[in-house]
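A structural walkthrough
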Amino acid sequence: MTLLEASGVETLYGPGCPDCRDATGDRAGTNQCPHCGTVVACAEADLDVEGGEVLGIVGESGSGKSSLAEALALERDPEATVGGEVSYAGHDGNLLDVDYQTRHDLRTGDISLVHQHVRDGLDLEFTGGGNVAEKLLSAGWRSYEDVRARVRELFEETEIPVARMDDPTRTYSGGMQRRVQIARALATDPDLVVLDEPTTGLDVSVQARVLDTFRRVQREEGVAAIVVSHDLGVVRLLADRTLVMRHGRIVESGLTDRVMEDPHHEYTQTLINSVL
Amino acid sequence: MTEHTTTESRDESTGGGTAVPTDSVDAALSAVETEGLSGYNYAYLDEHTKREVRRSMLKAVAIPGHQVPYASRPMPLARGWGTGGIQASLSLLGPEDTLKVIDQGADESVNAANIRRLAANTAEVSTTADTTEADLIQSRHRIPEEVLTDDQRLVLQVPITDALRKVDPSDAANRRRHAHENYGKMWVHLYENVVEYGEINIASRYPTMVAGRYLMDPSPIPRWDVPKLDDADHLTILAAGREARIYAVPPHTAVEPLAFEDRAFTVERFAEQECHACGSTDTYLVEVSEEPGSAAGGAGGEGNGGADDDADGFETRYACNDSSFCAKRRGDPDLLKDHHLDRSGVDWGPATPDADGNGGGEA
């Protein structure tokens, strides 16, 4: 069953004009409209995610991966104009049109986002446990012991030292902060987790452990995920299917193995050949 | 422009009062002394200002716990010293009213005395220290021990209006949270409080839900007083001068302090302590440190209320914070907090003991 289905999703920064979509994209070789200067961060994006599936989105920096992921995760940037249609199995109507309250409910229960920047996702002055508890408390948990037990369980699941649970998050290492974000994202058993660059800024061995943890938890819980990364290795490891983005457009999509072994689009070929 | 040097140059018909000579400080002072308050409107504030404050109060009553902006005029006392409370009081007072002002539980403190005198001078109200005789009570930090009735109004002075500021300094973000009843961050604060102390250990400004909708900062009253707001007979107006916000708890409104199902809200506990002056165990007590043999508070006579001798010779004792009720208790140690009501056994505050003195002192 299709969990999430998106068609024609677009995110525009700027005034916008009728020519924006035609004058940008892969063929035009730019994401900025030459007529009005609007940056078309992503446009004409069609995709679907099945329950329990991991969808990878790769592309170079500025290709629109994060903009697309944020639109799907209901993250709102007040400066952006978001269009298109996203339907979700647990909700009637277009997800991009929901009011604040519905969006808040969906974000605390159904769809989680792991931010690219830790500071966007966590309050570093709160304890690590508190950051995870916030998700539960926002969802209406009112028993202290239940919250405590669930936070401890999530810390164990994501391999964060439970002894550090009550320390301020700013004292955590980068890898631990990522794990806290993942633990927080999984706290209320969502259907879909969107990970925006889950391993950026981590050294290789920590990257491997964070990805390993996420892959295990994702399979155990059967949660669907959208993984955004500029790192082909991350997507190769986690994703069942992969989208390749460039200049704000999806240029290729398919099973991850197929995209990696037999890239059709010229840009994908360059991308895969350029891996060190 | 020599106008300001003479007292006679103003035309009386403008109604603008009389100019004060500025030749010398002495001249100015003597002019004020002789002219008195004749230039001022009734109750100090002009009628438009009072009407505006009352309008904000009505809106605040209509949306319990919601912070309503108002203009907040400059007052003849510094902002943060009760300017919000005094504006609310002066807007409500009429010549028939009796005013009581308390600061930290005491009627005699300098700030309370000055506010009372301003109201008495400009609004010609009578003043009292007796809670049961007052029509309007302005207070900082306390709700009186004696039960307030449905024809009394309580005005609380508020230094910080938003309970959420503790967890996020951004007022814009907090207003959005109030609009959407999104209080997750405050719950995390409580969670971390329990993690650190084993119980919710917020001394004052305890975050409180009003009518199941808005999170309210009940001003710096101790936790002890928060339950008195729940389903109260009286109207409570909370006014902040510096922040120019008014909010209210109308009579018979549900007021619920935030707490976990398994970590209940608790009030302050004074284990085995009693007021050294009146012997009360069911009132909010404060520690007082006195030199041994000093006359202060000596009306208690025996002074056996759990006295502790400090190393420096100072004696730490417990005393009722509500000085007016303490004075009554000294005359009648069995006086109940609801002694003036027709009905008895009113659930007011943490412990209103029954006639046998049971039920007091429990948290």
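Residues numbered from 1 in each chain as written. Chains lettered and ligands numbered in written order. Predicted model: local features only at pLDDT ≥ 70, side-chain atom pairs only at ≥ 80, totals over all residues.

**Some words on the overall build of chain B**
- Counting its secondary structure elements, chain B contains seven helices and 13 strands.
- Within chain B, the fraction of its 363 residues that count as buried is 39%.
- Taking as baseline every contact in chain B between residues at least 6 positions apart, the subset at least 24 positions apart corresponds to 63%. (Helix = DSSP H or I, 4+ residues; strand = E, 2+ residues; numbered from the N terminus. Buried ≥ 20, exposed ≤ 12 C-beta atoms within 10 Å, placed from the backbone. Contact = placed C-beta atoms within 7 Å.)

**Some words on the interface of chain A and chain B**
- The interface is formed by 17 residues belonging to chain A together with 14 residues belonging to chain B.
- Only helix H2 (100-109), helix H4 (128-138) and helix H5 (144-157) of chain A provide two or more residues apiece to the side of chain A that touches chain B.
- The element best represented in the side of chain A that touches chain B is H4(A), accounting for six residues.
- A breakdown of the residues in the side of chain A that touches chain B according to their chemical character gives six nonpolar, seven polar and four charged. (Nonpolar A, V, L, I, M, F, W, Y, C, P; charged D, E, K, R; others polar.)

**Some thoughts on the sheet that holds strand S10 (residues 255-257) of chain B**
All names here are of chain B.
- With respect to topology, three strands assemble into an open sheet ordered S7-S6-S10, the strand pairing being antiparallel. In this open sheet, the two edge strands, each paired with only one partner strand, are strand S7 (214-216) and S10. Ignoring which end each strand starts from, the neighbouring axes of this sheet average 35° apart.
- Where strand S6 (residues 208-210) and S7 come together, three bridges link them in antiparallel fashion. By the bridge assignment, Met 209 is partnered in S7 with Leu 215. (Pairing = 2+ DSSP bridges. Axes fitted to C-alpha atoms, helices over the stretch in contact; angles between N-to-C directions.)

**Notes on the packing of H4(A) against helix H6 (residues 184-197) of chain B**
- Direction vectors running N to C along H4(A) and H6(B) enclose 130°, while the axes themselves pass 9 Å from each other. Comparing their axes, H6(B) and H4(A) come out oblique. When the axes of H4(A) and H6(B) are compared, the crossing they make is right-handed. Judged by residue contacts, Gly129(A), Gly130(A), Ala133(A), Glu134(A), Leu137(A) and Ser138(A) of H4(A) engage Gly184(B), Lys185(B), Trp187(B), Val188(B), Tyr191(B), Glu192(B) and Val195(B) from H6(B).
- Across the contact of H4(A) with H6(B), the residue classes tally to six nonpolar, four polar and three charged. (Parallel < 35°, antiparallel > 145°, perpendicular 65-115°, else oblique. Left-handed = near helix turned anticlockwise from the far one by under 90°.)

**Side note on the pairing of strand S9 (residues 249-255) of chain A**
Residues and elements named next belong to chain A.
- As judged from the six bridges shared by strand S8 (residues 241-246) and S9, these two strands associate in the antiparallel manner. By the bridge assignment for S9, Leu 243 is matched with Ser 253.
- Counting the residues in the hairpin turn of S8 and S9 gives two residues, including His 247, whose phi is positive at 50°.

**Looking at the environment of Asp103(B)**
Residues and elements named next belong to chain B.
- When you line up the elements, Asp 103 lands in strand S2 (residues 98-103).
- Since 23 C-beta atoms lie within 10 Å of it, Asp 103 is described here as buried.
- Remark: the alpha-carbon pair of Asp 103 and Gln 157, spanning 54 residues in sequence, is separated by 9.5 Å.
- When near neighbours in sequence (up to four residues on either side) are disregarded, Asp 103 contacts Ser 109, Asn 111, Ala 112 and Arg 140.

**Describing helix H2 (residues 47-62) of chain B**
All names here are of chain B.
- Here H2 contains 16 residues, and its C-alpha end-to-end distance of 22 Å stays within 8% of the 22 Å for a straight helix at 1.5 Å per residue.
- Lys 50, Val 53, Ser 56, Met 57, Ala 60 and Val 61 are the residues of H2 that are buried. Within H2, the buried residues cover an arc of 140° as seen down the axis, which keeps them to one side. What points out from H2, more than 90 degrees from its buried face, is the exposed set Glu 47, His 48, Arg 51, Leu 58 and Ala 62.
- Along its buried surface, H2 packs onto strand S1 (68-69), helix H3 (83-92), strand S8 (235-240) and strand S9 (245-249). (Expected span 1.5 Å × (residues − 1). Arc of directions from axis to C-beta.)

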